[in-house]
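Close look at the chain arrangement
As a plain string of letters, each chain reads:
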Amino acid sequence: MSPAMVITRESSDGAETPESRYLYKGVKQLSDDGLHRVPDKYIFPASDRPSTIVEDQNVPDSNLIQLPIIDFAGLLGPNRPRVLHSLSHACEHYGFFQLVNHGIPEDVLRSMMDVSKRFFDLPYEERARYMTTDVQAPVRYGTSYSPTRDTVFCWRDFLKLLCHPLPDFLPHWPPSPVDLRKVAATYAERTRSLFLTLMEAILESLGLGILGAEKQDETEEEDMLKGFQDGSQMIVANYYPTCPEPDLTLGIPPHSDYGFLTLLLQDDVEGLQIQHQAQWVTVRPVPNTFVVNLGDHLEIFSNGKYKSVLHRALVNAAKSRISVVSLHSLPFSYTVRPSSKLVNETNRKLYKDTNFGDFLEYLSTRELKRKDFLESRKLS
Ligand code: OGA
Ligand code: NI
């Protein structure tokens, strides 16, 4: 009997059973075992499943969204004011944009996707060496979000790498595939530099740029930019194997990202959806571009002017999918608070000060759902 056939529910007291131990091995294993049904543990409540509403047959691809396009090279030249305007519009109305002309060679992106794929192809025992429940570990391999806590599992396996400062973390990264450290380090450095330039532009788009600031105003923006130089960075490679019943489950349930910005690279398989105008819409993959989204910290810092947006990933029966996300914020020791320049008599402070400790405490007591962490930081 194949192990897939003995899957039943976890014992009612939540204790580990042979079945739950099997599920902890992740969805790559389930997919490789040739499962014909998804185990109960992966079945989302009907209201959370991918839409079953029949799309309008006369409107092709009616749920695709064209994200605002931000020309990175344009930010660095005479068109900067125009690009800043587009950036501010994208941050206010979409929370997402597509970054083009970013200057990172195609080969750096391709190698990162490729080495991630080869990591997930390693024998399970090798990947399993990096399984840990310690969310602050320099390397973490796992499945779903947090198998010991998730009531429903999602259909993804992941590899998380802490990246900054690189010399502290690199020696902990997996030594195989042999090129993983080198490729991921280059990728981390290149995406980090994009992030820094983007953050500087975003501060400026909020009217907080250091260039136009009065001398005595400079401190807050300069402090922020210095903070970002030392800021936290985590790379997450997500692997979504083929799924026998993609309509019943999700690759990642709706969530907003922690941090200021996320740079997402996806392969050519559709799956990422964002919430836009109260609808789930699909972001079509465009080769050699990044999908950038705003995280909760930027919503807090901008005092709600810019919003972090809910997004999720669907899976499919025909093709496996890979994405690599780079998550950026201030150093873990910093406190994030609404910018003093965006709080005044007409705009009251909307969010409490928050730090990584608050987030960990929040995580330790419940499952992370939707924008619940951010909601918990709102001032009533
Ligand atoms: C994430 C995420 C979406 C995707 O890792 O936070 O939202 O398409 N991923 O993989
Ligand atoms: Ni995300």
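Up top is the structure.
Residues numbered from 1 in each chain as written. Chains lettered and ligands numbered in written order. Predicted model: local features only at pLDDT ≥ 70, side-chain atom pairs only at ≥ 80, totals over all residues. Heavy atoms only, no water.

Let's shift gears to the pairing of strand S10 (residues 279-283). Of all the five residues making up S10, four are buried; the element is thus mostly covered by neighbouring parts of the structure. Direction of pairing for strand S1 (residues 64-65) relative to S10: parallel, over a ladder of two bridges. Within S10, the position partnered with Ile 65 by the bridge is Val 283. Note: strand S9 (residues 272-276) against S10, four bridges, orientation antiparallel. Opposite Gln 275, over in S10, you have Trp 280 as the bridge partner. The hairpin formed by S9 and S10 contains two residues between the paired strands, and Gln 277 there has a positive phi angle of roughly 50 degrees. (Buried < 20%, exposed > 50% of the residue type's maximum accessible area, 1.4 Å probe, protein only. Helix = DSSP H or I, 4+ residues; strand = E, 2+ residues; numbered from the N terminus. Pairing = 2+ DSSP bridges.)

Attention now moves to the sheet that holds strand S5 (residues 157-162). Taken in spatial order, the eight strands of this open sheet run S2-S3-S11-S8-S13-S6-S5-S4, and their pairing is mixed. Where the open sheet ends on each side, the last strands, each with one partner, are strand S2 (69-71) and strand S4 (139-143). Along the sheet, successive strands turn relative to each other by an average axial angle of 25 degrees, direction set aside. Alignment of S5 against strand S6 (residues 233-240), held across six bridges, turns out to be antiparallel. (Axes fitted to C-alpha atoms, helices over the stretch in contact; angles between N-to-C directions.)

Attention shifts here to helix H4 (residues 80-93). For H4, spanning 14 residues, the distance from its first C-alpha to its last is 20 Å, which sits close to the expected 20 Å at 1.5 Å a residue. Buried residues in H4 make contact with S2, helix H3 (72-75), strand S3 (96-100), helix H8 (180-205) and strand S11 (290-294). (Expected span 1.5 Å × (residues − 1). Contact = heavy atoms within 4.5 Å.)

Taken together, the neighbourhood of ligand 1 is formed by Asn 238, Tyr 240, Ile 252, His 255, Asp 257, Leu 264, Leu 272, His 311, Arg 321, Ser 323 and Val 325. The contact in question runs from an oxygen atom of ligand 1 to an N or O atom on the side chain of Asn 238, over 3.0 Å. Interatomic distance of 2.9 Å between a side-chain N/O atom of Arg 321 and an oxygen atom of ligand 1. With the chains in place, 95% of the 290 Å² that ligand 1 exposes on its own is no longer accessible. (Near = heavy atom within 4 Å. Polar contact = N/O pair within 3.5 Å; in protein donor to acceptor, adjacent residues only side chain to side chain. Areas by Shrake-Rupley, 256 points an atom, 1.4 Å probe, with all protein chains shown as cover.)

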